Amino acid sequence: MQVASEIRDSFQIELPVLKLFQAPTIGELAVLVDTAETSSAAAPAGLPIAPAPVSASAPQAIVGDGAGAAAKASYREFYDDVTRRLERSGVGEASFFLNYGYLSLGGIDEARLEVPEGTFNPSSVRLALELIGPTELVGRRVLDVGCGRGGTVSLLADRFEALVTGVDLSPEAVAFCRRVHVGPNVGFEVGDAEHLPFDDATFDAVTNIESSHTYPNLRAFLAEVRRVLKTGGWFLYTDLLPVQRWAEVRALLGPLGLTLASEREITANVLASCDLVASTRAQAFDQPGALIDNFLAVPGSAVYEQMHSGAWEYRIVRAKRERGAGSGGARERGSAGAGERGSGERGARDGGEGSR
Ligand SMILES: C[S@@+](CC[C@H](N)C(=O)[O-])C[C@H]1O[C@@H](n2cnc3c(N)ncnc32)[C@H](O)[C@@H]1O
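Residues numbered from 1 in each chain as written. Predicted model: local features only at pLDDT ≥ 70, side-chain atom pairs only at ≥ 80, totals over all residues.

K.L.:
Quick question: what am I supposed to make of the site of the ligand here?
P.N.:
Around the ligand there are 24 residues in total, and Y79, N99, G146, G148 and S211 lie nearest to it. Counting residues per element, the ones that place at least two in the shell around the ligand are α4 (66-89) and α6 (151-160). Ranked by the residues each element gives to the shell around the ligand, the list is headed by α4, at 3 residues. Of the residues that constitute the shell around the ligand, the class distribution is 11 nonpolar, 8 polar and 5 charged. Each of domain 1 (2-89) and domain 2 (100-321) gives at least three residues to the shell around the ligand. (Near = placed C-beta within 6 Å. Helix = DSSP H or I, 4+ residues; strand = E, 2+ residues; numbered from the N terminus. Nonpolar A, V, L, I, M, F, W, Y, C, P; charged D, E, K, R; others polar. Domains from an automatic or database assignment.)

Structure (structure tokens):
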């Protein structure tokens, strides 16, 4: 995923992600980039380059057209495929996370809850706990954007007593979540982070774990976060991004009405998790190999090495939605902030809690 976004930034071309994963060596990758550059030069402006085939029955979560929409269709295809592979693997039913995970190195840790003994994917759960840190979420409405296989949604509902909605671009991931995470305080929707299918000022907190690196328009995503957050609500954000992209995030937050409250680099903790678990996780996929190694940041893979070199940093950012500032929020309703208790009411559509 990170390789695809780096190529997008450097060459202004989109490579279908599945195709990218079929090019495990730099030599093969170079051929793909050359081919895409050539077809890009030949393609009329505004037309998607090598768009991924999208099923006619697929929900219309992706708005618009052009290279950004083509990229998102490609990521959706990739993550639908991940769901199918995990289903075939035998361990898929217990696999609720797709993030690289976090290992304590004895320095600053912020998780307030322990990961219970015997938890599957404990380092991934720990990453979510580090992100949440001291944020008070009991009875609050929380949206997890890019929820993947629903692990964070389930964690927030079960251990933080929040009312949680997960949204993801991948219909197959959402179908999995709806089947395995059942309860009155959880719900899942297919949707695009850049066009969230929720009303203004719906949530007390928005979480986003290792998903934003594939969004073609980070600004649109951050503006949407700000729009769906209530005044005083929290944006809890963690991802692996190139250093210059983190600078963009910092520059965007304030003008969009999201005040940076804390920032922590956790690359070393994430690398330690990859050292420990990435190779084992690769075996959960029915066709392990270089493509999956890269996806999981197995030591030696391009993604792992980018992290190791310092070119990409894994960070936790917490920002607060301020009153009035920034764009969006035109239809804003009165609301409790993240420091206050939510009402606990759940609508069938607003926030989607409980809707199946
Ligand atoms: C690496 S996985 C992380 C999943 C989950 N957050 C976790 O920690 O396990 C990235 C997820 O982001 C989703 N995603 C990618 N682009 C998206 C978009 N534009 N809108 C919503 N979800 C998206 C993918 O479908 C995938 O499920």
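Right, picking up where we left off after that structure.
K.L.:
Which parts of the structure should I look at to understand the environment of F285?
P.N.:
Assignment of secondary structure puts F285 in the loop between α10 (267-282) and α11 (290-296). Separated by 196 residues in sequence, F285 and S89 have C-alpha atoms that sit 5.8 Å apart. Not counting residues up to four positions away in its chain, the partners in contact with F285 are R85, S89 and I292. (Contact = placed C-beta atoms within 7 Å.)

K.L.:
Is there a simple way to think about the packing of helix α8 (residues 218-228) against helix α9 (residues 243-253) in this case?
P.N.:
How two helices sit against one another is set out by the angle between their axes and by the gap between those axes. Where α8 meets α9, the closest approach of the two axes is 11 Å, and the angle between their N-to-C directions is 40°. Between α8 and α9, the crossing angle belongs to the class labelled oblique. Between α8 and α9 the crossing geometry is right-handed. Here L218, R219 and L222 of α8 lie close against α9, whose contacting residues are E248, V249, L252 and L253. (Axes fitted to C-alpha atoms, helices over the stretch in contact; angles between N-to-C directions. Parallel < 35°, antiparallel > 145°, perpendicular 65-115°, else oblique. Left-handed = near helix turned anticlockwise from the far one by under 90°.)

K.L.:
What am I meant to see in the pairing of strand β7 (residues 312-321) here?
P.N.:
A regular strand places its side chains so that they alternate between the two faces of the sheet. Buried residues dominate β7, accounting for 8 of its 10 residues. Sheet analysis places strand β5 (residues 229-242) next to β7, joined by 9 bridges and oriented antiparallel. Note that in β7 the partner of F235 across the bridge is A319. Pairing geometry for strand β6 (residues 258-265) and β7, over 7 bridges, is antiparallel. The residue of β7 that forms the bridge with S262 is R318. (Buried ≥ 20, exposed ≤ 12 C-beta atoms within 10 Å, placed from the backbone. Pairing = 2+ DSSP bridges.)

K.L.:
How do you make sense of unusual backbone geometry when you look at a structure like this?
P.N.:
Trans is the common state for peptide bonds, and a negative phi is the common state for residues other than glycine. A positive phi angle is found at E210, which is not glycine, with a value near 50°. Structurally, E210 is set in the loop between β4 (203-209) and α8. Owing to 23 C-beta atoms within 10 Å, E210 belongs among the buried residues under this scheme. Even without glycine at this site, A297 takes up a positive phi of about 55°. Relative to the helices and strands, A297 resides in the loop between α11 and α12 (302-309).

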